[in-house]
Amino acid sequence: MDKHSILVCMGWEQLEIRLQKCEGWEQIEISLPNCSSLQVISFPVVQLHLNRTAMRASQKDFENAMNQVKLLKKDPGNEVKLKLYSLYKQATEGPCNMPKPGVFDLINKAKWDAWNALGSLPKETARQNYVDLVSSLSSSLESSSQVEPGTDRKSTGYETLMVTSEDGITKIMLNRPTKKNALNVEMYHEIMHALKAASKDDSAITVLTGNGDYYSSGNDLTNFTDIPPGGVEEKAKNGAVLLREFVGCFIDFPKPLIASGQCPALGHLPSPSLGYSIAVYASDRATFHTPFSHLGQSPEGCSSYTFPKIMSPAKATEMLVFGKKLTAGEACAQGLVTEVFPDSTFQKEVWTRLKAFAKLPPNAMRISKEIIRNREKEKLHAVNAEECSVLQGRWLSDECMNAVVNFLSRKSKL
Ligand SMILES: CCCCC/C=C/CC(=O)SCCNC(=O)CCNC(=O)[C@H](O)C(C)(C)COP(=O)(O)OP(=O)(O)OC[C@H]1O[C@@H](n2cnc3c(N)ncnc32)[C@H](O)[C@@H]1OP(=O)(O)O
């Protein structure tokens, strides 16, 4: 029998009903074994959804779906991968029968949580759900790759950035829009590389911005899952070294740096870019959020020093300790943002302004920035070192580990 066939007995006759996909429609074929003619009725897919879930996928469908997963051109993302994993385990082994992994074993803990959450779902239902998920995935990933051409693609030698230079402006654009521009380890390194290159190129000013609907969602929380042979302590130590070097690049950047954000900025990158930018331009749609406590972490990017100075100690406490999210208007009123523009005219207005700035004498701008910032440089490097050392300890805490596990198993979002 064909994969989506069902046999129905009507009196003496046996009907075979086949379902098959046809350009967004399901076709139903009703065949009477003793009759040569076929009756074909077409329905929109949505109308047949309930009927399909009542059916059971065969072992062969299941194996085909497993092969299809290997052929997917685009990474379906962690959430979907966990779903696939849990359905596979449930379909092949039944309810979760493994001991719960320890809290530091992040990946296995996320997998265990996903499998355990399926409870006593029957094996056949899990198999069918797996087949259905793979089938929906294949079509949605095909269509989404048509919707977002060119995103996450390689550009000017960078994997995670798009860097362009024209009209005296070097633009560094974070380019992981499907991950809300979360900073993975590669992106940290590429930003440092791009900043060093921009400090030496012919441009007069540098602009930092993000591609997609988030300026950045901060540190990529999956960075915490790649544990080296030296264990979590070594991981935390390496992270502190990387973060210190990363923030150091912002502190030492010699040219005017402008952060241009049309959309929400979360966590990590806002701090260094807000603290050290000559100017921050935001659209009225942008928000600013540093949820360090929510993640069991502590301020970084010198925000523990720059924010209370820029805003006020009380307002900085609301933001850095309680994780209060600010609208662009509020951030502007607090002095964190230079100017807010209407979303509809944001790009035009900001770029007109940037192009005008880029025509100013570059050396004069560089020297002016130096004289404004140099007095603070030593202090900023000391604050950076202290923040990184405190964070190194925080990353080993249960509070931090639990927050990361919660995000990875999608129990929490900010
Ligand atoms: C060297 C180490 C230095 C460490 C320094 C410490 C810095 C502190 C910080 O950076 S604090 C900020 C950390 N960031 C977060 O906690 C944000 C987590 N993300 C979210 O809460 C949400 O994703 C969101 C509110 C940003 C967006 O929600 P939305 O529903 O619109 O979108 P999705 O959640 O479906 O996200 C789409 C995909 O992007 C992945 N993703 C988003 N943010 C992160 C992130 N920070 N880390 C890892 N992955 C992230 C998300 O998982 C989705 O991926 P998927 O499609 O594969 O599931």
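- Taking an unreviewed UniProt entry as the reference, the protein is identified by name as Enoyl-CoA delta isomerase 2 belonging to Cercocebus atys.
- The UniProt entry for the protein carries the following comment under Function (unreviewed entry): "Able to isomerize both 3-cis and 3-trans double bonds into the 2-trans form in a range of enoyl-CoA species. Has a preference for 3-trans substrates."

Describing the overall build of the protein
Next, step 1: Across its full length, the protein carries 14 helices and 13 strands.
Next, step 2: Burial analysis of the protein (414 residues in total) assigns 46% to the buried set.
Next, step 3: Within the protein, residue pairs in contact and separated by at least 24 positions form 69% of the contacts whose partners lie at least 6 positions apart.
Next, step 4: Just so you have it, the protein exposes about 21200 Å², and 55% of that area is on carbon and sulfur atoms.

Regarding the sheet that holds strand β5 (residues 161-166)
Next, step 1: Read across the open sheet, the 6 strands follow the order β5-β6-β7-β8-β10-β13; overall the sheet is mixed. Looking at which strands have only one partner, the edges of the open sheet turn out to be β5 and β13 (339-341). Taken pair by pair, the neighbouring strands of this sheet meet at an average axis angle of 20 degrees, ignoring direction.
Next, step 2: The pairing of strand β10 (residues 279-283) with β13 spans 3 bridges and is parallel. What sits directly across from Ser-283, in β13, is Phe-341.

A few points about the sheet that holds strand β11 (residues 287-289)
Next, step 1: Spatially, 3 strands are ordered β9-β11-β12 in an open sheet, and the strand pairing comes out mixed. Only two strands of the sheet have a single partner each, and these edge strands are β9 (265-266) and β12 (326-327).
Next, step 2: Strand direction decides the pairing type here: β9 and β11, joined by 2 bridges, are parallel. Along β11, the bridge assignment pairs Leu-266 with His-289.

So, the packing of aromatic side chains
Next, step 1: A full pass over the atoms with the stated rule returns 7 aromatic pairs.
Next, step 2: Look at Phe-341 and Phe-346: their rings are 6.1 Å apart centre to centre, the planes differ by 70 degrees, and that puts the pair in the edge-to-face class. No difference in accessibility class separates Phe-341 from Phe-346, as the two residues are buried.
Next, step 3: What links up through ring pairs into an aromatic cluster is the set Phe-62, Tyr-88 and Tyr-130.
Next, step 4: Above the ring of Tyr-85, the side-chain terminus of Lys-111 is found at 5.0 Å from the ring centroid.

Considerations on helix α12 (residues 346-358)
Next, step 1: With 13 residues, α12 extends 18 Å between its outermost C-alpha atoms, agreeing within 8% with the 18 Å of an ideal straight helix rising 1.5 Å per residue.
Next, step 2: What α12 keeps buried is the set Phe-346, Val-350, Trp-351, Leu-354 and Ala-358. Along the long axis of α12, the arc covered by the buried residues comes to 100 degrees, so they all point the same way. Pointing more than 90 degrees away from the buried face of α12 are the exposed residues Lys-348 and Thr-352.

Remarks on the side chain of Ser-283
Next, step 1: For Ser-283, the location among the structural elements is in strand β10.
Next, step 2: If sequence neighbours within four positions are ignored, Ser-283 has contacts with Gly-261, Gln-262, Ala-328, Val-340, Phe-341, Asp-343 and Phe-346.

A look at the packing of helix α4 (residues 106-116) against helix α14 (residues 398-408)
Next, step 1: Relative orientation of the contacting elements α4 and α14 amounts to 50 degrees, with a least axis distance of 10 Å. Considered as vectors, α4 and α14 are oriented oblique to each other. Considering the relative orientation of α4 and α14, their crossing is right-handed. Residues Leu-106, Lys-109 and Asp-113 of α4 form the contact with α14, whose own contacting residues are Met-401, Val-404 and Val-405.
Next, step 2: Class assignment for the residues of the contact of α4 with α14 results in 4 nonpolar, no polar and 2 charged.

Remarks on the pairing of strand β8 (residues 257-261)
Next, step 1: The element β8 is extensively covered by neighbouring structure, given that 5 of its 5 residues are classed as buried.
Next, step 2: With burial as the criterion, each face of β8 is covered, one bearing Leu-257, Ala-259 and Gly-261 and the other bearing Ile-258 and Ser-260.
Next, step 3: Of the pairings in the sheet, the one linking strand β7 (residues 205-210) to β8 comprises 3 bridges and is parallel in character. Note that in β8 the partner of Thr-206 across the bridge is Leu-257.
Next, step 4: With helix α7 (residues 231-252) bridging β7 and its parallel neighbour β8, the resulting β-α-β unit is right-handed.
Next, step 5: Where β8 meets β10, 4 bridges bridge the pair, whose relative direction is parallel. Counterpart to Ser-260 in the pairing with β10 is Tyr-281.

Quick notes on the nonpolar core
What tends to happen in soluble globular proteins is that the nonpolar side chains get buried as a cluster.
Next, step 1: Leu-161, Ile-191, Leu-195, Phe-246, Phe-288 and Trp-395 are the most contacted members of the largest nonpolar core, which has 61 residues in total.
Next, step 2: Element by element, the count of residues in this core is highest for α7, at 10 residues.

Points about the pattern of salt bridges
For side chains of opposite charge, pairing can occur when their charged atoms come near one another.
Next, step 1: Considering all chains together, one arrives at 11 salt bridges under this definition.
Next, step 2: The residue Arg-176 makes a salt bridge to Asp-220 at a minimum N-O spacing of 2.8 Å. Taken together, the residues Arg-176 in the loop between β6 (169-174) and α6 (185-200) and Asp-220 in the loop between β7 and α7 connect sequence positions 44 residues apart. Comparing Arg-176 with Asp-220, the two get one shared label, buried.

Concerning α14
Because each turn of an α-helix spans 3.6 residues, side chains separated by three or four positions end up pointing in the same direction.
Next, step 1: Inspection of α14 places Cys-400, Met-401, Ala-403, Val-404, Val-405 and Leu-408 among the buried residues, and these make up the whole buried set.
Next, step 2: Considering only its buried residues, α14 is in contact with α3 (78-93), α4, α7 and α13 (362-394).
Next, step 3: Within two residues after α14, Arg-410 carries a phi angle of roughly 60 degrees, on the positive side.

The rules we used
Residues numbered from 1 in each chain as written. Predicted model: local features only at pLDDT ≥ 70, side-chain atom pairs only at ≥ 80, totals over all residues. Heavy atoms only, no water. UniProt positions renumbered as here; feature names shortened; annotations may be inferred. Helix = DSSP H or I, 4+ residues; strand = E, 2+ residues; numbered from the N terminus. Buried < 20%, exposed > 50% of the residue type's maximum accessible area, 1.4 Å probe, protein only. Contact = heavy atoms within 4.5 Å. Areas by Shrake-Rupley, 256 points an atom, 1.4 Å probe, with all protein chains shown as cover. Pairing = 2+ DSSP bridges. Axes fitted to C-alpha atoms, helices over the stretch in contact; angles between N-to-C directions. Phe/Tyr/Trp six-rings, centres within 6.5 Å; stacked < 30°, edge-to-face > 60°. Lys NZ or Arg CZ within 6 Å of the ring centre and 35° of its normal. Expected span 1.5 Å × (residues − 1). Arc of directions from axis to C-beta. Parallel < 35°, antiparallel > 145°, perpendicular 65-115°, else oblique. Left-handed = near helix turned anticlockwise from the far one by under 90°. Nonpolar A, V, L, I, M, F, W, Y, C, P; charged D, E, K, R; others polar. Right-handed = clockwise from strand over helix to strand, strands pointing away. Core = buried A, V, L, I, M, F, W, Y, C linked by side-chain atoms within 4.5 Å. Salt bridge = Lys/Arg side-chain N within 4 Å of Asp/Glu carboxyl O.

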